[in-house]
Number of protein chains: 2
Amino acid sequence: MKVVEELSFNPNSVARSLVMRKSRLIGVLIPSMDNKFISDFVNTLEKELFKCNYTTLVCNTKRDDDIEMDFLRLLKDKYVDGVVMMASNPKPHQIEFLEKMAIPAVFAGHTDSTKQFSSVNIDHCQAMYDATRYLLQNGHCKIAFFGGPDIYQQIVERLSGYKQALADYGIEYDESLFYYAHDYDIENGYESGMKLFQRKDRPTAVCCVSDMVAIGAIRAAEDNRLSVPEDISIMGFDDISIAKAYRPGITTIRQPIHELSVQAAQMLLSQIQQKENYVRETRILPHEIMVRGSCMAVSN
Amino acid sequence: MKVVEELSFNPNSVARSLVMRKSRLIGVLIPSMDNKFISDFVNTLEKELFKCNYTTLVCNTKRDDDIEMDFLRLLKDKYVDGVVMMASNPKPHQIEFLEKMAIPAVFAGHTDSTKQFSSVNIDHCQAMYDATRYLLQNGHCKIAFFGGPDIYQQIVERLSGYKQALADYGIEYDESLFYYAHDYDIENGYESGMKLFQRKDRPTAVCCVSDMVAIGAIRAAEDNRLSVPEDISIMGFDDISIAKAYRPGITTIRQPIHELSVQAAQMLLSQIQQKENYVRETRILPHEIMVRGSCMAVSN
DNA sequence: CTGTTAGCGCATTCAC
DNA sequence: GTGAATGCGCTAACAG
């Protein structure tokens, strides 16, 4: 130990990885970086894993399936000890790859319906159901939906929650009130809004798949001389930090981002420790509606 | 080659790194993740490096010097081929470490005043000078400054640009109009605003170190029944995407984020290729003022 | 309990 | 040209 100090020896992690087939590295696949929801998740995850001496390798897949698979291979090559998958909904070839290579993995914000890997998620369908019901309970009966890319299971589930709530309140689903976009950023919400708000028969409320879409929608409403929430109520989803700071404050569904992250870390860690004995599980965490200024009751 | 196909052989990158002392990995040190400015930078950087078959290892230092050094050591251990330093202003022990370990490095958004490493940056002093001058030219003569942590060289430079502009317009610097905060997020701008806007002798404008601070300031103004920009003009800095979408649109200084990133990548790449022959250089890129709704002229 | 050795999977070098 | 040796820095297994 004295000699270690004297020569300031420090073990070479690459050589160690080579023989150990371990790296104390955890890969995290994320769909993008420009989103408070994701950065909060990663921040918490890093903190949790760091406690156990793991370093996080953040992989931004930019929502590209090929990049996703490239990263998975890279991570395998690097002998990562585990992977947190939050980039997209589980795909068969990914599951197969992870299974074959015996890489511990956890899906976060997504549910592996094959149950081959653990997942932590919220009930996206129920969450959007609650959002829609909140509007219905406040007297809205004509509610538009600004959707996102339907390649995401979560988005599909959210839409079905919306439809379910309408059905439960005896309102027929009107396809002309559904606006599809290829992404869920400000621009998409703005474009959908510009189309919708120019209609004579505009609704009294709109449900958005994300807070960013909601911000775009609010901008579009204002550009059409509509006041939010007086003329139109706008509901967000995610509760990113800007949702509270925006004017008006955005009424939205909060995902328990911190809990999602902590549990993902813990599940992955115990999977790494317990190896074959690990019992996979699917956890659904509670969401919460954040009532702020972008929605109001309508008098019938 | 036939056999390679048949056995679907794929070279082991860890073993390769061990013997080559290279990894085709580039480390990127960032101060946080929750910022469009940073995520845009990283996105572009990844794209540029990916073209040359390099993978990016994103390290979130959370503005902690120790974490920063830990990552630097980790990166050295992993035999990264180079490092992009955008987490904080260059510190002597980092420079020494990089120099000693012969790790190619580039500072982005920061300038290495020792000139031992290359840098790409904007002129933060001139940028804030221009922002302040814009307000002065629009008739404002009492302008507050919402500053951030002075541990950042950029922030110090921005403050000095503000002071310089005032001086050039024959206005004495009034320390009571300078509000210091430990971070530059929405909350800090809000707190500074709540203090300032309750004063009887409030100014007609405020320069903020970041767009997030500006958003907080706008919120505070509104909570004090002040209209932006009618009662008070608020100037941002960075031009993050929300600056345009916010209401009112935030007049701000745009950093050429894409160019910053592309040039950082190119400089690092040529440094890696040219080895000892590489000539270090310091590049300063032009900024731009984005005129939007949060500032207006004042009639004297 | 200390000392030696084999081998992780590659690139490099030298011999053929 | 092809083939066999050496070593990158470590861990694990084994011997003394």
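Conventions adopted
- Residues numbered from 1 in each chain as written.
- Chains lettered and ligands numbered in written order.
- Predicted model: local features only at pLDDT ≥ 70, side-chain atom pairs only at ≥ 80, totals over all residues.
- Heavy atoms only, no water.
- Helix = DSSP H or I, 4+ residues; strand = E, 2+ residues; numbered from the N terminus.
- Contact = heavy atoms within 4.5 Å.
- Areas by Shrake-Rupley, 256 points an atom, 1.4 Å probe, with all protein chains shown as cover.
- Pairing = 2+ DSSP bridges.
- Axes fitted to C-alpha atoms, helices over the stretch in contact; angles between N-to-C directions.
- Domains from an automatic or database assignment.
- Buried area = accessible area lost by both parts, 1.4 Å probe.
- Salt bridge = Lys/Arg side-chain N within 4 Å of Asp/Glu carboxyl O.
- Polar contact = N/O pair within 3.5 Å; in protein donor to acceptor, adjacent residues only side chain to side chain.
- Nonpolar A, V, L, I, M, F, W, Y, C, P; charged D, E, K, R; others polar.

This brings us to the overall build of chain A. A count of helical and extended segments in chain A gives 11 helices and 12 strands. Taking all contacts inside chain A whose residues are at least 6 apart in sequence as the whole, residues at least 24 apart take part in 73%. Accessible surface computed for chain A: about 13200 Å², of which carbon and sulfur atoms make up 50%.

Our focus in this paragraph is the sheet that holds strand S7 (residues 178–179) of chain B. All names here are of chain B. Pairing within the open sheet is parallel, and its four strands lie in the order S7-S6-S8-S9. The two strands at the open ends of the sheet, each matched to only one other strand, are S7 and strand S9 (233–235). Where helix H8 (residues 186–196) meets the sheet, its contacts fall on strand S6 (143–146) and S7, and the angle it forms with S6 comes to roughly 145°. Against the sheet, helix H9 (residues 211–223) contacts S6, strand S8 (205–208) and S9, and its axis sits at roughly 160° relative to S9.

Residue and element names in this part refer to chain A. Under the domain assignment used here, chain A contains domain 1 (11–122 + 256–285) and domain 2 (124–255). For domain 1 and domain 2, the distance between their C-alpha centroids amounts to 31 Å. Contacts between domain 1 and domain 2 engage 13 residues on the former and 13 residues on the latter. With both sides pooled, the region where domain 1 packs onto domain 2 buries about 1200 Å², and carbon together with sulfur makes up 51% of that total. The interface formed by domain 1 and domain 2 contains one salt bridge. Across the salt bridge formed by Asp183 and Arg63, the nearest N and O atoms sit 3.8 Å from each other. Summed over the shared surface of domain 1 and domain 2, the number is eight residue pairs in polar contact (both at pLDDT 80 or more). Secondary structure elements with two or more residues in the side of domain 1 that touches domain 2: helix H3 (36–51), strand S5 (118–122) and helix H11 (257–274).

The next subject is the interface of chain B and chain A. In many reports, interface size means the accessible area that the parts give up when they come together. Across the boundary between the two partners, chain B contributes 42 residues, which contact 41 residues of chain A. Taking both sides of the interface into account, the surface hidden between chain B and chain A amounts to around 3800 Å²; carbon and sulfur atoms contribute 57%. For the chain B face of the interface with chain A, the top three residues by lost area are Val14(B), Met33(B) and Arg247(B), together amounting to 17%. At the junction of chain B with chain A, the criterion picks out four salt bridges. A salt bridge links Glu46(B) to Lys62(A); its shortest N-O distance comes to 3.1 Å. Seen at the junction of chain B and chain A, the total is 12 residue pairs in polar contact (both at pLDDT 80 or more). Contributing elements (two or more residues each) for the side of chain B that touches chain A: helix H2 (13–20), strand S1 (25–30), helix H3 (36–51), strand S2 (55–60), helix H4 (65–77), H9 and helix H10 (241–245) of chain B. Looking at the side of chain B that touches chain A, the element that brings in the most residues is H3(B), giving six residues. Class assignment for the residues of the side of chain B that touches chain A results in 19 nonpolar, 10 polar and 13 charged.

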